[in-house]
Amino acid sequence: MTRVVYYTASTLDGFLADPDDSLDWLMRQDLDEHGPQNYGEFIATIGALVMGSTTYEWVLANIKRNGEPWYYPQPTWVMTSRTLGTPEGADVRFAQGEITTVLDELRAAADGKDVWVVGGGDLAGQVADAGQLDEVIVSVAPVVLGAGRPLLPRRMDLRLVETAPNGAFVTARYEVLGALKEDRPNLDG
Ligand SMILES: NC(=O)c1ccc[n+]([C@@H]2O[C@H](COP(=O)([O-])OP(=O)(O)OC[C@H]3O[C@@H](n4cnc5c(N)ncnc54)[C@H](OP(=O)(O)O)[C@@H]3O)[C@@H](O)[C@H]2O)c1
């Protein structure tokens with residue numbers, strides 16, 4: 001069955017990127033490409049991706065800077081209210097508004113594999129708000145930034161499924177339980 005998974009890296013204080021959308025603090029970290037929660041094993045489970053436009057524009061800038069081809073063979077949805085370009089050879093589809101419609105399309109495209117919510121944090125939050133975020137897999141870098149783009153700006157409970165060190169990172173996989181217990185209606189009272 002298709003699972004919807006938010007797989008990402010974060011600082012110890014819960015930021016995906018610094019306030020200028022730089023990931024330089026992340027790219028210089030020591031990582032075992034064959035270690036726990038590695039990207040190669042993860043991406044093999046993925047049938048479709050969704051990302052916000054800031055993340056998309058970071059990917060576009062990065063492949064241009066490094067002279068690389070588009071990273072993802074899977075169909076990729078980009079959430080945006082703007083008109084953005086598509087790199088050569090990329091299967092990119094643009095969408096806006098309610099995430100539930102897009103999730104239906106993502107699940108169909110994934111064809112039994114999982115859906116990757118690439119980020120950012122609010123997009124993962126939109127998926128969680130729709131009750132459709134199954135897992136959060138995060139690699140925590142030994143960095144604090146004090147400010148930046150938040151990992152998951154919502155109030156939620158999760159259950160720790162597994163954790164392991166990988167190079168400089170602590171990796172952790174969580175099952176999403178839903179709204180924070182303290183925010184749920186007290187049906188006994
Ligand atoms: N650490 C990591 O591994 C990691 C992973 C992912 C991302 N990142 C970085 O983290 C940062 C995330 O940036 P961000 O928090 O700004 O998030 P983002 O999700 O990448 O982009 C947010 C933008 O996406 C568009 N959008 C989102 N939901 C939409 C919807 N339902 N309908 C229409 N448009 C929608 C809006 O822009 P417009 O409508 O104006 O286009 C919104 O401002 C980026 O710098 C990214 O590179 C890091």
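Not measured: the values here are computed from a predicted model.

(A) A look at helix 5 (residues 121-129). Residues of helix 5 that are buried: G121, L123, A124, G125, V127 and A128. Of the residues trailing helix 5, G131 is marked for its positive phi of about 75°.

(B) Just the packing of aromatic side chains, in detail. Tallying each qualifying case throughout the model produces 9 aromatic pairs. Taking 5.9 Å as the distance between ring centres and 85° as the angle between the ring planes, the aromatic pair formed by Y7 and W116 counts as edge-to-face. One end of the pair, Y7, is in strand 1 (residues 4-11); the other, W116, is in strand 6 (residues 114-119), with 109 residues separating them in the sequence. The pair Y7 / W116 is uniform in exposure class, with both members buried. Aromatic pair Y72 and W116: ring centres 5.8 Å apart, planes at 85°, arrangement edge-to-face. With Y72 in the loop between helix 3 (53-66) and strand 4 (76-79) and W116 in strand 6, this residue pair connects regions lying 44 residues apart in the sequence. Classification of Y72 as buried rests on a relative accessible area of 8%.

(C) Representation of helix 3 in the model. Compared with an ideal rise of 1.5 Å per residue, which puts 14 residues at 20 Å, helix 3 spans 20 Å between its outermost C-alpha atoms and is within 8% of the ideal. Those residues of helix 3 lying buried are S53, Y56, V59, N62 and I63. Remark: G67 follows helix 3 within two positions and exhibits a positive phi of approximately 60°.

(D) Structural view of the nonpolar core. Y6, L106, V117 and L133 are the most contacted members of the largest nonpolar core, which totals 27 residues. Looking at this core, the elements that each hand over two or more residues are strand 1, strand 3 (46-52), strand 4, helix 4 (99-110), strand 6, helix 5, strand 7 (135-141) and strand 10 (169-179). If we skip the residues at most four places from it in the chain, L106 touches A48, L49, V50, W77 and V115. F42, V59, I63 and V92 belong to the second largest nonpolar core, which has 19 residues in total.

Definitions and cut-offs
- Residues numbered from 1 in each chain as written.
- Predicted model: local features only at pLDDT ≥ 70, side-chain atom pairs only at ≥ 80, totals over all residues.
- Heavy atoms only, no water.
- Buried < 20%, exposed > 50% of the residue type's maximum accessible area, 1.4 Å probe, protein only.
- Helix = DSSP H or I, 4+ residues; strand = E, 2+ residues; numbered from the N terminus.
- Phe/Tyr/Trp six-rings, centres within 6.5 Å; stacked < 30°, edge-to-face > 60°.
- Expected span 1.5 Å × (residues − 1).
- Core = buried A, V, L, I, M, F, W, Y, C linked by side-chain atoms within 4.5 Å.
- Contact = heavy atoms within 4.5 Å.

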